[in-house]
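# Reading the structure
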Amino acid sequence: MSHLSSRRCTIATTVLLLHFFLSVCTAHMVMSEPPPINYKTNPYYSTAKADFDYTSPLTQSGSNYPCKGHLKDYNAPEGQSVRNYAPGGTYDLKIDGSAVHGGGSCQASLSFDGGNTWTVIKSWIGDCPHASGGTQDFTFTIPAGTPSGKAVFAWTWFNQIGNREMYMNCAVVTITGSKKNRLKRALSGPNVFVANIGNGCSTTAGTDLVFPDSGTDIQYAGDPSKRAGPAGTCSAKQYTGGGATVTTGGTGGSSSGTGGENPSNSGAASSAVGGSSGGSSGNQGLYTQTTTGRELVQALVQALAVQTLVVQAPETQVLATQAPLWTAT
């Protein structure tokens, strides 16, 4: 093999390794069914408000709880209902992605006040997502007697392996039924569990979280010996706020809210993520068009620096400038 061929081979290997490294660092999991607000499969998706980092967890400070701040569009065209659910009916929950982080535990919740308060309707303890990978299909049932009207469905996940994180994706749905059932009674059930977002409660690495209150619809899976409760100051507190102000279609609960994520920070994050997307396509061009090994290595170093900056900068900025929008009650 000539010196030039060997050099090209080394460069090609470097490209593949860097691509794999970046993919592993940035890829997580995302709820795809029902389609979340501002997610690419949502029928009301707007490219102007696209979130190119949808698979990432909530910030460690909790500044974008709930729903990664997307409830700022709850009353906008992007916040229209994407699914109809009937009380007593069973429906699909699908999760996309490859970085399952050993599985973990999940919850499905509903909110009728724009995401300011949440009620759990199902808990999965262990193997959520499925640690073996493959198709990530789950089901949940809307409890009988659930009030009708516009609601927000949330999927939350606490991973078994990796950094202590909380994932949360949310979709706007409609609970069908007669108008008489709208204010007849509130949905009963435990509050959604919240941890790893600067609230004094955390999960233990290497374990499947056992929620302090899992509700009545519970599905167990995985290794029973790896189940463990949370650590720190964890209780059944309801974390209120951070959601949208309900103007139409609400069915009960608090109608007050903070409007979601701080608009100024949201713009900064969107700008950074958009830079990542644009930089990525440009870097692909550099991989194919650069003619010398030195130029290619420089381009790869620059690409890695840009990707690292994009992954790190928004989080750092949020931690430094934003306080959580929710309060414990």
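Predicted model, so just to flag it, every value in this text is computed and none were measured. (Residues numbered from 1 in each chain as written. Predicted model: local features only at pLDDT ≥ 70, side-chain atom pairs only at ≥ 80, totals over all residues. Heavy atoms only, no water.)

## Quick word on the sheet that holds strand β2 (residues 83-85)
With respect to topology, six strands assemble into an open sheet ordered β2-β8-β7-β4-β5-β11, the strand pairing being mixed. One side of each edge strand has no neighbouring strand; the edge strands of this open sheet are β2 and β11 (218-220). When the angles between neighbouring strand axes are averaged without regard to direction, this sheet yields 25°. In terms of strand pairing, strand β5 (residues 119-125) meets β11 through three bridges, oriented parallel. When the sheet's bridge partners are listed, S123 is paired in β11 with I218. (Pairing = 2+ DSSP bridges. Helix = DSSP H or I, 4+ residues; strand = E, 2+ residues; numbered from the N terminus. Axes fitted to C-alpha atoms, helices over the stretch in contact; angles between N-to-C directions.)

## Topic: unusual backbone geometry
Excluding glycine, residues mostly carry a negative phi; peptide bonds, for their part, are mostly trans. Following E33, the chain continues to P34 via a peptide bond in cis, the omega torsion being 0°. Residue placement: P34 occurs in the loop between β1 (29-33) and β2. Looking along the chain, the bond that leaves Y65 and enters P66 is cis, with omega of 0°. Secondary-structure assignment places P66 in the loop between β1 and β2. At D127, a position not held by glycine, the phi torsion is positive, near 60°. Its place among the elements puts D127 in the loop between β5 and β6 (137-141). Residue D127 is classed as partly exposed on the basis of its relative accessible area of 24%. The backbone of N196 shows a phi angle near 65°, a positive value even though the residue is not glycine. (Buried < 20%, exposed > 50% of the residue type's maximum accessible area, 1.4 Å probe, protein only.)

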